[in-house]
Amino acid sequence: MAVLIVIPARYASTRYPGKPLVNLRGTTGQDKSLIHRSWDAAMAVDGIDRVVVATDDDRIRDAAEAFGAEVVMTSDACQNGTERCAEALSHLGDAYDIVVNLQGDAPLTPAWFIEDLVAGLRANPQAAVATPVLRADGRALNGFLEDRRAGRVGGTTAVFGTDRTALYFSKEVIPFTTRKYDDDEQTPVFHHVGVYAYRPAALMDYPTWASGPLEQLEGLEQLRFLERGTPVLCVEVSAQGRQFWELNNPEDVPRIEGMMQQMGIA
């Protein structure tokens, strides 16, 4: 089964304009842009046939091509990364059985998250869409709660049924719990990892659907699938000692750089 990774990236982010070109400093003091580090994360994944950056911005195209990425130019009318992946696939043809959307704000995504995601979709032929979820420890949960208290949009959380299909995704912390957790303690909250794997038919259907009220309220593209009755398989992944965080706000830059220092990422 041929697998394509698309890294959607746009310059005109509402919350953080120019985010893909923000530099992150590793342990050696080397600065690399967010899009470069996301590309590196994609290239580390085994079993992938092709990786492309999909953007509508010449600045991102030029920066990506400068470090050797393949770039597909897409329309500035794309409302989110899933729509951008669908347009990229329309340019690249029907040679792929699975398309992975590695969003360009998750440079700490370990290779095995994507490998396990692809394996999960392959093992469930009835599933059309899959996404990883990571059980939050107390440190991560406290980080979510701190962001919400400060009025920042932090990580997304997920709840799912016994069949592992998603019930809901939210930028609020769900499920609600009053208990306090130690940093290294496991919690009932699952962090949604911003990666998706689609079968091409489901991906190409997505842009033909109007955005629904839940997607608009939460600002979460995956809710369009749920609102249209398309199940989303949640594949639980293991951190294996790695920390994970997305870059959503300028305040996340020092947080991610600190994680990179702790994990020895150059």
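Residues numbered from 1 in each chain as written. Predicted model: local features only at pLDDT ≥ 70, side-chain atom pairs only at ≥ 80, totals over all residues. Heavy atoms only, no water.

*Asks:* Would you mind showing me how to read the environment of R37 here?
*Replies:* Looking at the secondary structure, you find R37 in helix α1 (residues 34-43). Discounting chain neighbours no more than four positions away, the residues touching R37 are L24, R25, G26, Q30, K32, P107, M260, I265 and A266. (Helix = DSSP H or I, 4+ residues; strand = E, 2+ residues; numbered from the N terminus. Contact = heavy atoms within 4.5 Å.)

*Asks:* How should I be thinking about unusual backbone geometry in this particular structure?
*Replies:* Leave glycine aside and you will find that most residues have negative phi; peptide bonds, for their part, are mostly trans. In the segment running from I174 into P175, the intervening peptide bond is cis, with an omega of 0 degrees. Checked against the element boundaries, P175 lands in the loop between β9 (166-170) and β10 (186-192). Unusually for a residue other than glycine, R164 sits at a positive phi of about 75 degrees. R164 sits in the partly exposed class, given a relative accessible area of 30%. Backbone geometry places Q240, a non-glycine residue, at a positive phi of 50 degrees. Here Q240 shows up in the loop between β12 (233-237) and α9 (252-263). With a relative accessible area of 56%, Q240 lands in the exposed category. (Buried < 20%, exposed > 50% of the residue type's maximum accessible area, 1.4 Å probe, protein only.)

*Asks:* Explain the nonpolar core here, please?
*Replies:* As a rule of thumb, nonpolar side chains are buried together in soluble globular proteins. Counting residues in hydrophobic clusters, the biggest one holds 55 residues, and the most contacted among them are I5, I7, V53, V100 and I114. Once residues lying within four places of it in the same chain are set aside, the contact partners of I7 are I35, S38, W39, A42, V51, V52, V53, A54, L102 and G104. V129, F190, Y206 and L223 belong to the second largest nonpolar core, which has 31 residues in total. (Core = buried A, V, L, I, M, F, W, Y, C linked by side-chain atoms within 4.5 Å.)

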